[in-house]
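Here is what each chain is made of, one letter per residue.
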Amino acid sequence: MKHNTSMLNPTMGELKEQINNRYLLVNVAAQRARAISKAAEETEEALDNKPVTIALHEIADGEVEMVPVDPDAKPEEVKAEDPVADAIDELLNDVFADEEDEDDEEDQD
């Protein structure tokens, strides 16, 4: 599905309808983006959009299913920095800032 590539699409409201916790949203989107990137590499498929953009649209469309992790499972090595998660967090910060600005403007009217 081809989506508008605007930073406000999907909106934070659309994303929060699927995953209401921002921290969880970032983690799910980062994990899905990594899976998309890995699959594209393995099949040598060119992506129309960045993996993070595709992941966010899939989440907003309800195409991503969250599966609980076994609490007894051993965690994989955690990296100190995750550029995909950082990019998603920056995008969400921009979206929240834009939505707060719009709310402030409405309150002033």
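Here we summarise the structure given alongside this text. Every chain begins its residue count from 1, and numbering advances along the sequence as written. Owing to the predicted nature of the model, reporting of local features is limited to residues with pLDDT of at least 70; listing and counting of side-chain atom pairs is limited to 80 or more, with chain, interface and lining totals taken over all residues. Remark: hydrogens and water are excluded; side-chain values derive from all non-hydrogen atoms of the structure.

### Some remarks on the overall build of the protein
Inference 1: Helical segments are the DSSP runs of H or I of at least four residues, strand segments are the runs of E of at least two, and each set is numbered from the N terminus. Helix and strand counts for the protein stand at 4 helices and 0 strands.
Inference 2: Scanning the protein from its N terminus toward the C terminus, one meets helices and strands in the order α-α-α-α.
Inference 3: Burial status across the protein gives 25% buried among its 109 residues. For the exposure calls, accessible area comes from a 1.4 Å probe over protein chains only, and a residue counts as buried if that area is under 20% of its type's maximum, exposed if over 50%, partly exposed in between.

### Things to note about the pattern of salt bridges
Two side chains carrying opposite charge are able to pair once their charged atoms lie near each other.
Inference 1: We define a salt bridge as a contact between a side-chain nitrogen of Lys or Arg and a carboxyl oxygen of Asp or Glu at a distance within 4 Å. Tallied over the entire structure, the rule returns 1 salt bridge.
Inference 2: Measuring nitrogen to oxygen at the nearest pair gives 2.5 Å for the salt bridge that ties Glu 58 to Arg 32. Of this pair, Glu 58 sits in helix 3 (residues 51-60) while Arg 32 sits in helix 2 (residues 22-43), and the two are 26 residues apart along the sequence.
Inference 3: Under the relative-accessibility criterion, Arg 32 is labelled partly exposed at 29%.

### Details of unusual backbone geometry
Inference 1: Positive phi, close to 55 degrees, is recorded for Glu 44, a residue that is not glycine.
Inference 2: Along the chain, the position of Glu 44 falls in the loop between helix 2 and helix 3.

### Describing the nonpolar core
Inference 1: Formed by 20 residues in total, the largest nonpolar core has its most connected members in Met 12, Leu 15, Leu 25, Leu 56, Ile 59, Ile 88 and Leu 92.
Inference 2: Elements represented by at least two residues in this core include exactly helix 1 (12-18), helix 2, helix 3 and helix 4 (83-108).
Inference 3: Here this core takes 7 residues from helix 2, the largest share from any one element.
Inference 4: Residue contacts for Leu 56: discarding those within four places in its chain leaves Pro 10, Leu 15, Ala 29 and Leu 91. For the purposes of this section, nonpolar cores are sets of buried Ala, Val, Leu, Ile, Met, Phe, Trp, Tyr and Cys residues that join through side-chain atoms within 4.5 Å. Note on contacts: a residue pair qualifies if any of its non-hydrogen atoms lie within 4.5 Å across the two residues.

### As for the environment of Asn 9
Inference 1: Within the secondary structure, Asn 9 sits in the segment before helix 1.
Inference 2: On a C-alpha basis, the gap between Asn 9 and Val 95 in space is 9.4 Å, while along the polypeptide they are 86 residues apart.

### Side note on the side chain of Glu 58
Inference 1: A relative accessible area of 14% means that Glu 58 is categorised as buried.
Inference 2: Setting aside its immediate chain neighbours within four residues, Glu 58 contacts Arg 32, Ile 36, Glu 63 and Val 64.

### Points about a negative patch on the surface
Inference 1: Patch rule: a residue counts if its relative accessible area is over 30% and it has no salt bridge; like charges are joined within 9 Å, and nonpolar side chains (Val, Leu, Ile, Met, Phe, Trp, Tyr) within 5 Å. Surface exposure here means Shrake-Rupley accessible area, sampled with a 1.4 Å probe, where a residue is shielded only by the protein chains that are shown. Positive charge is attributed to Lys and Arg, negative charge to Asp and Glu, and no charge count is given to His or to the chain ends. By convention, charge coordinates are those of NZ in Lys, CZ in Arg, CG in Asp, or CD in Glu. Taken together, the side chains of Glu 14, Glu 17, Asp 61 and Glu 63 present a region of like negative charge at the surface.
Inference 2: Relative to the helices and strands, Glu 63 is located in the loop between helix 3 and helix 4.

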